[in-house]
Every structure is written in structure tokens, then in C-alpha cells.
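What follows is the residue order along each chain.
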Number of protein chains: 2
Amino acid sequence: MLRIGIIGTGNVARQLFGVFRNTEDLAVVQIAGRSGTALKCFGDSVTTTTDFTKITDADIYMIAVSDDAIATISQFLRDKSGLVVHTSGSVAMDVLDGCKRHGVFYPLQTFSKEREIDMQHVPFCLEANSHSDLELLKTLALKISDAVYAVDSETRKTLHLAAVFVNNFTNHLYYIGQQLCEKEGLPFEILKPLIKETAEKINHLAPKDAQTGPARRGDVETIKKQLKQLDDSRHSEIYRAFSSAITELSG
Amino acid sequence: MLRIGIIGTGNVARQLFGVFRNTEDLAVVQIAGRSGTALKCFGDSVTTTTDFTKITDADIYMIAVSDDAIATISQFLRDKSGLVVHTSGSVAMDVLDGCKRHGVFYPLQTFSKEREIDMQHVPFCLEANSHSDLELLKTLALKISDAVYAVDSETRKTLHLAAVFVNNFTNHLYYIGQQLCEKEGLPFEILKPLIKETAEKINHLAPKDAQTGPARRGDVETIKKQLKQLDDSRHSEIYRAFSSAITELSG
């Protein structure tokens, strides 16, 4: 039985708790968080505390808090003999240097309150300051996911940046699409089959081969016309940046 | 029985032919195209011609060629009594003014040679120069799809622009994500669950509410660091354009 303590009450903490509690040979021994109200969401089946000086002994402590709180939280875990990890994509492992055994357990996925994620397909990017602890994290990750990777801090930073492009920026493109539809009194629904197919297509075609559109064809006239259609300068800026990047690539 | 003539041999022509031939009460009477080789892909079950002066009589002529060839092709259909439509998102209906009965039959989807599309979920945007022909196009579209919309030329232009954002530009973000992964020797596979979830999330949350990331949080430090990480100026330009748009929106 692997005993896990979770520190944090946000989306990642919640989703990890959800999967850990339903996995054999894993026990969540405690959830620690600043907010008593947030802790209540975890139900009565797990011990909780708002007092970080009273963190129960565990085999692995999982710090799932906002990036800039990780260092502070880790101070409370300095004397623990268990493995202390954080779950962030962009924070280097050495922020946990104060803890003898430390590492990273980064799920490369977007989590929100409203949606339960099937962890089995979530890639876990793991790092630890010893070979044996990396193996321990692998054992844990493989219990809940099929996609487990050893990734050092530098590489993880690039991955996190890639995630910003394919998740944050893509979502903003969806937002622009929605705005354009609503301007014309059309439901956003009309774009959803296209959005779905765009995301599915890359499972069969490399993005470069899946690229279509005016910039891909070098269709300067359409690009000019479409730029004129845009009345939001932020949208034009995005349109321009993509059009030159795609044109250059296709050239 | 509705008799359809298809002019064009590209992806749209091919996919429409594939669904029309398998739909009751529809008959594709002929496919016309410049290239004999391209016409061969349609098999022996349909009559084909490379001679546009020999287009067989039909109830609906569907011009599925590149945007700038539509006007020229339509010259060959001036004397026909059937309804002449094109399938383009960005070309106004009046390009077909020379044909007495004319309209637009625009499938809002990305088509490629390699992938068969389930037409049932493809939104069809219809327009015609008479009420009865709009009804005729609706009858046709509803035989193959559940999502049928009457959309005038101006609105369709905006829709096409929205499609450029959510399809062309999103696909380029996938490309950048792939580049960043490959730079680190990681397989693009690692980003695919995130890409999938990003696209699915908007079925449950509005894009504005689904937005996360450094720009959404106003995390200027991370934005600065990530910009430094990028060594391709086209990627930096895209990063900057999104970060200011998202920051402004979230502010």
C-alpha cells in the first residue's frame, strides 16, 4: 500500500484524489489546504487539515498548488522522510531542494472543476533526484495512466510551452470563432464539427500535411480581403502573425 | 429522384459524390473535370467527361472547384434549366448571376483525400436566388446532414473567416506544438490527449470560461520566461499576439 498525502485543493488536487482513491494499493492519507471550505469538497472519506504543521506521514507528498506557492509549502515538508513532489509543468524540480527526496509528477492535461478527466490517457511527466524515487513515481503513475514519461526540468519547461500553444492559444481561437459567429447571429454550434475534425485529423496526418487555407495556398487576395473583414485589431494581429508564419512555411 | 451533376474532382467533389451515391432518391448523373486521371478515381459506376460543353442535364449542378475557377466553369452552365450552385465558403453567390437559377451549397468542414467525413454532422450553409430553390437545396442537404442553415453571402464570408481561425490557425498551433516536442526528442503523441480535451471541453464550457494559462492569470513573469524560451521569431510573434489578446480580455 502506497500512502499519499495531497497538499492543495484545486483542480489538479481534486482530479488526482478522485483517481487515487479508486486505485488498488493506493491510499490518500490526508489532504492539506488553506481553505476549510475547499477541503469540504473532498467529502468525509478522507482526513483533511488546514494546518500545514500537521501533515500526516506518507510515502509520497503531492504538492498540487499554484506555481508560486510550491516553495513555501515545501518548507513544511523538510523533515519528512517520504518523497516530496510537485505537479507543475513550468517549475523546476530544484525548488524542492530543501526536501531530501524530491521530484515532479506533472500531468500534461487541462483540468477544470466542471469536467472529470479519464486519467488513463493523461501523459505523466516524471522527474526525481534519485533513480529509486523515479522508479517509485513510475510505479505510481502506471497504476493510473498508460502514458508515463521521464522528463527533466528543462524539457518539461518546453513541454509546458507547447501546451500553452496547443491548449491556451487554441482555446482563444475558439473564442474568436465564437465571437465571429455571434456577430452574425449564428450559433457557435455551427463551428463545432470543424473544430472536432481539426483535432482528430492530426491522429492520421502530420499537422504540416493537414494544413489548408488561404495562407497555405499563398492566396494573397483572400488574405487581404479577410484582414479587411476583421474589425478587432487583436484579431487582425493574430491573423497576420499566422498568415505570415504559414505562408513562410509553405513557401 | 433528384439528378445531380458534379463539376470538379477535388476533395469536396469526391466526398459529396461518396455520400450522394449512397443516398436514396439521389442520382449523380455525371462528373465533369479537366483531368481524366482525376476522374478515374470516381470509378466506373458514374459517367464522367473532361468536356465541359457536354455536361448532361441535371436538376442540380454542383460546382466544386477552386474559388477562382467558379466563374469560368459557370459559363458552361448558362443555358441549363437546372439549379447551379457552388460549394465555396468565401465566394459570393452573385458570381453565378449568369445562370438563371443559382445558389450556394457550402459544407463547413475540412476535407482531405485521406479521410472520409461523416456528412451527417457537417453543417451545410445554403443560399439561393429564389425561395423555391432554397427549399430545393434544403431538401437535398437534409438527406445527407442533420445540420442545415440558410446563410447569405456576407454571413458566409464571416463564417469562412471563423473557419480559418478555428481550423487553419489551430492546425498551425498543433504544428508548433509538434516542433517544440521534436526539439526535445519527445513524440508529438504526448500532446494529443491535451489537444483532444481542449477541443472537447468547449462542448461543455464556453471558450471564455475554458481559458486557462499564464495570460489568463496575468502571470507576466511566466510570459516573459516563455518568450525567452522561443527561438523562432514567428512563434514569438504568435505568442505575443495571443498573450496580449488574452490578457486584455481577462483583465
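The written sequence of each chain sets the order in which its residues are numbered from 1. Whichever chain is written first is A, and whichever ligand is written first is 1; the rest continue in order. Thresholds applied to this predicted model are a pLDDT of at least 70 for local features of residues and 80 or more for the giving and counting of side-chain atom pairs; totals over whole chains, interfaces and linings are not thresholded and use all residues. Excluded from the side-chain calculations are hydrogens and water; all other atoms, namely the structure's heavy atoms, are used.

**Focus on the packing of aromatic side chains**
Residues and elements named next belong to chain B.
Right, so step 1: A pair of aromatic rings is counted whenever rings of Phe, Tyr or Trp (Trp by its six-membered ring) have centres within 6.5 Å, and the orientation is called stacked for planes under 30 degrees apart, edge-to-face for over 60 and tilted otherwise. Here the structure, examined in full by the defined rule, presents 17 aromatic pairs over all chains.
Right, so step 2: Judged by centre distance (4.9 Å) and plane angle (45 degrees), the rings of F105 and F124 are tilted. Here F105 is found in strand β6 (residues 102-107), whereas its partner F124 is found in strand β7 (residues 124-128), with 19 residues between them in sequence.
Right, so step 3: Pairing F165 with F169 gives two aromatic rings, centres 5.1 Å apart and planes at 75 degrees, and the pair type is edge-to-face. Taken together, the positions of F165 and F169, both in helix α5 (residues 153-183) and four residues apart, correspond to about one turn of that helix.
Right, so step 4: We call a residue buried when its accessible area falls under 20% of the maximum for its residue type, exposed when it is over 50%, and partly exposed in between, using a 1.4 Å probe and counting protein chains only. A relative accessible area of 0% means that F165 is categorised as buried.
Right, so step 5: Taking the relative accessible area as the measure of exposure, F169 reaches 2% and is therefore buried. What counts as a helix is a DSSP run of H or I of at least four residues, what counts as a strand is a run of E of at least two, and both are numbered from the N terminus.

**Regarding the environment of R240 of chain B**
Right, so step 1: Along the chain, R240 of chain B turns up in helix α10 (residues 233-250).
Right, so step 2: Here the alpha-carbon distance between R240 of chain B and P207 of chain B, two residues 33 residues apart in the chain, equals 20 Å.

**Points about the pairing of strand β6 (residues 102-107) of chain A**
Residue and element names in this part refer to chain A.
Right, so step 1: Along β6, six of the six residues are buried, which leaves the element largely enclosed by surrounding structure.
Right, so step 2: On β6, burial covers both faces: H102, V104 and Y106 on one face and G103, F105 and P107 on the other are all buried.
Right, so step 3: Note on pairing: DSSP must find at least two bridges between two strands before they are called paired. The pairing of strand β5 (residues 83-86) with β6 spans three bridges and is parallel. Residue V84 lies in a different strand from β6, and its bridge partner there is H102.
Right, so step 4: Bridging between β6 and strand β7 (residues 124-128) involves five bridges; their strand directions are antiparallel.

**Let's talk about the interface of chain A and chain B**
Right, so step 1: The criterion used for residue contact is that any of the two residues' heavy atoms lie within 4.5 Å. At the interface, 81 residues of chain A touch 81 residues of chain B.
Right, so step 2: At the boundary of chain A with chain B, total buried surface from both sides reaches about 8200 Å², with 68% on carbon and sulfur atoms.
Right, so step 3: Put simply, a salt bridge is a Lys or Arg side-chain nitrogen that is within 4 Å of an Asp or Glu carboxyl oxygen. Between chain A and chain B we count six salt bridges in total.
Right, so step 4: Across the pair R234 of chain B and E248 of chain A runs a salt bridge whose closest N-O atoms are separated by 3.2 Å.
Right, so step 5: By the criterion applied in these results, polar contacts are pairs of N or O atoms within 3.5 Å in which, for protein atoms, one can donate a hydrogen and the other can accept it, and in which residues neighboring in sequence qualify only through two side-chain atoms. In this structure, the connection of chain A to chain B is made through 33 residue pairs in polar contact (both at pLDDT 80 or more).
Right, so step 6: Elements with a minimum of two residues in the side of chain A that touches chain B: α5 (153-183), α6 (192-201), α7 (207-210), α9 (220-229) and α10 (233-250) of chain A. Summed over both partners, the accessible surface that disappears when two parts come together, traced with a 1.4 Å probe, is what is meant by buried area.

**Considerations on the pattern of salt bridges**
Right, so step 1: Tallying each qualifying case throughout the model produces 34 salt bridges over all chains.
Right, so step 2: One salt bridge connects R115 of chain A with E197 of chain B, and the closest N-O pair in it is separated by 2.7 Å. One end of the pair, R115 of chain A, is in the loop between β6 and β7; the other, E197 of chain B, is in helix α6 (residues 192-201), on a second chain.
Right, so step 3: On the accessibility criterion, R115 of chain A (13% relative accessible area) is buried.
Right, so step 4: Linking E189 of chain B and K192 of chain B is a salt bridge whose minimum nitrogen-to-oxygen distance equals 3.1 Å.
Right, so step 5: Residue classification places E189 of chain B among the partly exposed residues on the basis of a relative accessible area of 46%.

**Comments concerning the relation of the copies chain A and chain B**
Relating one copy of the chain to the other requires a rotation about an axis plus a shift along that axis.
Right, so step 1: In superposing the copies, a least-squares fit is computed on C-alpha atoms, taking residues whose pLDDT is at least 70 in both. Take chain A, turn it by 180 degrees, move it 0.0 Å along the axis, and it overlays chain B with an RMSD of 0.0 Å. Between the two chains, the operation in question is that of a two-fold axis. When C-alpha distances to the rotation axis are compared across chain A, the minimum falls at T170 of chain A, with a value of 2.8 Å.
Right, so step 2: When the interface residues of chain A are mapped onto chain B, 100% of them again fall at the interface, so both copies present the same face.

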